[in-house]
Structures are given as C-alpha cells and as structure tokens.
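So you can see what is in the structure, the chains are spelled out below.
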Amino acid sequence: MTPKILVTGSAGQIGAELVPALRARYGRDQIVAAIHKAAGSPLLREGPVETLNVSDSSAVSRVVRQYGIDTVYHLAAVLSATGEKSPDLAWEVNMQGLKNVLDVARQAKLRRVFWPSSIAVFGPDAPRKNAPQNAPLNPTTMYGVSKVAGELLCNYYFLKYGMDVRCIRYPGLISSEALPGGGTTDYAVEIFYSAIQKGSYSCFLEKNSTLPMMYMPDAVEATLKLMEAEPSKVKRHSGYNLAAISFSPEEVAAEIRKQMPAFKVTYSPDQRQKIADSWPMSIDDSEARRDWGWAHRFDLSKMTGDMLARLGPRLASAQKGV
Ligand code: AKB
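Counting restarts for each chain: residues are numbered from 1 in the order of the written sequence. Only residues with pLDDT of 70 or above have their local features reported here, since the model is predicted, and side-chain atom pairs are shown and tallied only from 80 upward, although totals for entire chains, interfaces and linings are computed over all residues. Processing note: side-chain calculations cover all non-hydrogen atoms of the structure and skip hydrogens and water entirely.

Draft legend 1. Representation of the overall build of the protein chain in the model. Secondary structure counts use DSSP, requiring at least four H or I residues in a row for a helix and at least two E residues in a row for a strand, with both numbered from the N terminus. When its secondary structure is counted, the protein chain shows 11 helices and 12 strands. Relative to the compact-globule value of 20 Å for 322 residues, the protein chain shows a C-alpha radius of gyration of 19 Å, a close match. Judged by the C-alpha coordinates and their principal axes, the protein chain covers about 55 × 50 × 40 Å. Per-residue accessibility, obtained with a 1.4 Å probe over protein chains only, is compared with the maximum for each type, and a residue is labelled buried under 20%, exposed over 50%, and partly exposed between these values. Taken over 322 residues, the protein chain has a buried fraction of 56%. Throughout, a residue-residue contact means that at least one pair of heavy atoms, one from each residue, lies within 4.5 Å. Excluding contacts between residues fewer than 6 apart, the proportion of contacts in the protein chain whose partners are at least 24 apart in sequence is 78%. Each radius of gyration reported is based on C-alpha atoms, and the globular scaling rule is 2.2 Å times the count of residues to the power 0.38.

Draft legend 2. View of helix α1 (residues 13-26). By this rule, a helix spans an expected 1.5 Å times one less than how many residues it contains. Between its first and last C-alpha atoms α1 spans 21 Å; for 14 residues at 1.5 Å apiece the expected length is 20 Å, and the two agree. Among the 14 residues that make up α1, 10 are buried, leaving the element largely enclosed by the rest of the structure. Every buried residue belonging to α1 is among Q13, I14, G15, A16, E17, L18, V19, L22, R23 and Y26, and all of these are buried. One or two positions beyond α1, positive phi appears at G27, with a value near 110°.

Draft legend 3. Focus on the packing of aromatic side chains. The criterion for an aromatic pair is that two Phe, Tyr or Trp rings (for Trp, the six-membered ring) have centres within 6.5 Å, with stacked assigned to planes under 30 degrees apart, edge-to-face to planes over 60 apart and tilted to the rest. As enumerated under the stated definition, the model contains eight aromatic pairs in all. On the basis of an interplanar angle of 85° and a centroid distance of 6.4 Å, the ring pair of Y156 and Y161 is categorised as edge-to-face. Since its relative accessible area comes to 34%, Y161 is described here as partly exposed. Grouped by ring-pair contacts, the aromatic residues Y73, F114 and Y170 constitute a single cluster. Above the plane of the ring of Y161 lies R106, whose end atom (NZ or CZ) is 4.2 Å from the centre. Look at NZ for Lys and CZ for Arg. If either is within 6 Å of the ring centre and within 35 degrees of the ring normal, a charge sits over the ring. Geometry around F204 places R272 over its ring, the cationic atom sitting 3.5 Å from the centre.

Draft legend 4. Examining the sheet that holds strand β7 (residues 172-174) more closely. Two strands are counted as paired when DSSP detects at least two bridges linking them. An order of β7-β9-β11 is seen for the three strands of this open sheet, with the pairing classed as mixed. In this open sheet, the two strands that pair with only one neighbour each are β7 and β11 (245-247). Strand-to-strand twist in this sheet, taken as the mean axis angle between neighbours without regard to direction, amounts to 45°. Note: β7 against strand β9 (residues 211-215), three bridges, orientation parallel. The partner of I174 across the bridge, within β9, is Y215. Relative to β9, helix α7 (residues 216-228) is tilted by about 80°, and along the sheet it contacts β7 and β9. In this analysis an axis means a line fitted to C-alpha atoms, helices contributing only their contacting stretch, and an angle means the value between N-to-C directions, from 0 to 180 degrees.

Draft legend 5. Structural view of helix α11 (residues 300-319). Given a rise of 1.5 Å per residue, 20 residues ought to cover 28 Å, and the 27 Å separating the end C-alpha atoms of α11 matches this to within 8%. At L311, α11 shows its largest kink, close to 25°, and the proline P313 lies no more than four residues downstream. Residues of α11 that are buried include every one of L300, M303, T304, M307, L308, L311, G312 and L315, and no others. Contacts from the buried residues of α11 go to β7, α6 (187-198), β9, β11 and α8 (249-257). Nitrogen and oxygen atoms within 3.5 Å of one another constitute a polar contact, given that in protein one can donate a hydrogen and the other can accept it, and given that sequence-neighbouring residues count only through two side-chain atoms. Of the residues that open α11, the one with a side-chain oxygen 3.3 Å from the backbone nitrogen of S301 is D299. Consider a residue and the seven residues that end there alongside the seven that start there; fitting an axis to each set, the bend is the angle between those axes.

Draft legend 6. Representation of the site of the ligand within the structure. Neighbouring residues of the ligand: L79, S80, S118, I119, Y143, G183, T184, T185 and W279. In this structure, an oxygen atom belonging to the ligand sits 2.5 Å away from a side-chain N or O atom of S80. At 2.7 Å, a backbone N or O of T184 approaches an oxygen atom of the ligand. Taken by itself the ligand offers 250 Å² of open surface, and the protein chains cover 94% of this. Within this scheme a cavity is a closed region of a 1 Å grid, computed over the protein atoms alone, that accommodates a 1.4 Å probe without allowing it to escape, whereas a pocket is open but has protein on both sides within 12 Å along at least five of seven lines; lining residues each have an atom within 4 Å of a point. Just a note on the criterion: a molecule sits in a pocket or cavity if more than half of its atoms are within 2 Å of the grid points. Using a 2 Å cut-off from the grid points, one finds that the ligand occupies the largest pocket. Partitioning the shell around the ligand into residue classes produces four nonpolar, five polar and no charged. The domain boundaries here were taken from an automatic or database domain assignment. Here the shell around the ligand spans two domains, since at least three of its residues come from each of domain 1 (5-173 + 215-241) and domain 2 (176-212 + 244-280 + 298-320). Whether a residue is near a molecule or strand depends on its heavy atoms: if one lies within 4 Å, it is near. For the area figures, the Shrake-Rupley method with a 1.4 Å probe applies, and any residue is considered shielded solely by the protein chains shown. In the scheme used here, Gly and all other residues not listed as nonpolar or charged are polar, with Ala, Val, Leu, Ile, Met, Phe, Trp, Tyr, Cys and Pro taken as nonpolar and Asp, Glu, Lys and Arg as charged.

Draft legend 7. A look at unusual backbone geometry. A positive phi is found at K109, a non-glycine position, where the angle reads about 50°. Assignment of secondary structure puts K109 in the loop between α4 (87-107) and β5 (112-118). Judged by relative accessible area, K109 falls into the exposed class, the value being 72%. Even without being glycine, N130 reaches a positive phi, approximately 50°. You can see N130 is positioned in the loop between β5 and α5 (142-161). Looking at N130, the relative accessible area reads 47%, which means it is partly exposed.

Written out as structure tokens, the structure reads:
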C-alpha cells in the first residue's frame, strides 16, 4: 500500500531533502509538505503544501483528515542553540507539538509515525566515546530534555495504544540543499559555504571539538529504511542510536583544504561550545545496524567531495546572479 504522508517542518534541514526523496519514492501527490512560516525551498512547492503550526492540534487534525493521511513524519522542532535562548519555545514546539501529533495519530488511527530524536539526549555523564544505546540520559539543554521526554512519550504511545512510532537519534546533519537553523552542529554546514564564498571561516566551536555527524543522503536513507522495516524488526520505539562519522572542526577544515589549500579557519568558541562539550564524541549504533540493516555510505572525505562539488557551482552561479 502506498502511504499518504504528512511531513511537518518540511522547510527545515531534514525536510528539504526528505520531502523530495519521499515524493520520488511514493509519488508527488502522496506527500503533503507542511511548513510553519518559512517559505521553504521551491522544490517543496512541486507537490501539496500546507501552512501548519504543530502547536495547534485542531489544525494538525484538519490536515490529516483533509488529505486522508496515514503516516506522519513529524520533523518540526526547535534545535539546541535556539532552545537555550528560548527554553519555553523549545518546550512548547518540541513537546506540545509531538503530543498533538501523537494524539491526532491515535484518534485518526494512523498507520505509522516518525519522530526525530538526537544525540542531544546524552549529557556529560554518558560515555564520551561510542555512547551506547542505553547510556544514561541526563542532558543539560532544554532541547535534550525535550528529546528524552519525547522518546519516552513515543514509547508510551507504543506500549499503551500500540502505535507504530519509530524514532532515530540523529547526529549533526550536513546538507548541501538547506542551511540548518539554531543547532550546535550548524558549523559543519556553514564551513562549506564560507570556504567557497570567502575562502575563510570563523568557527564558533573549538578546533578539536569532535561530534557525531552524518551526511544528509545517509540520514534520508536511514529514515526511509527504518520507516519501511517490517514491524518485527523494529525492536525499540524510543530513539535508535544512529552514527556515521565523527569529526572536529579542524578535521573537516583539513579535508576542505585538500581541494582549497588557501582555506583559513579561525576559532572563537561561543555559548554553543558548552552544549557541544555536553554531548558524546561518537555513538554506538550497533542496534540499528543489527535490527534493520542500517549502514552508512559517506565518510568524511566522500562527504566533503560531494558537498564541494554540489555547492561550488551553485554558489558561483548565485554570485553571478544566474
Ligand atoms: C543541533 O545541533 O541542535 C542538532 C542536533 C545534534 O540535534 N543538529
């Protein structure tokens, strides 16, 4: 059966690549891209689009009924750095938004729900290297708190109502198609834009601040793989650890320098450093690999090559006004 899908937060970094991938897979009209206020990429407009505030439960319910939705990818969220500036907003969007989507999913008897968790569920007491699936979850950011509570809520809806909620703990995501907004790992995207546009970058994390990261094509692949897995293979309905590569700002800068030898990076850590320091450097994702066959394709060098190859010509023609 071809799913009829609603994607909330479609204009965000994940949505900008996941919506086209879902449309390519299931058909353009099967995917309703919900955006909040942001205009989103023109690509989103190539199929049904709705303006939707996930804090408004009746609006979520209306869209689900109107389109006969059976699956929701609920991506709308406030990320870690914005969440520290506006903790109330992070709680409202991340928690109330998720609760609304789960309640609508229950009432409308939806088939499946996807919800993104994050490496932000971990705090300073989790092992710094290869943080295991069942490490202590004591985050020190509001974003992390909302992700832990959200995971518990997803699992509660599975246990109590039998809802098929599926969930991944994403690492920092790097996309050639959309800029991130308000996260701690955003530097790993900005650095590519700045290298191409200015030949230099001022990094807001320390040079040796290693974090778990992933190229967006891998993240999209993992998301589709988990959502298409046979129910018997999905052994947990809180977040699966998911990993690909771990690198520091100086390591990605060195990789970029292989193609742009004059590229210069300076380091002036800001308040985001404290958030980065509270997260593990790497994640053990063996459960995801074992349960539903997850495997990443992009290492640091392959990702850097692909990012520069995609962004270079696009930014050059934008500069020329083509
Ligand atoms: C952030 O930096 O807040 C996000 C995340 C790791 O979930 N990219």
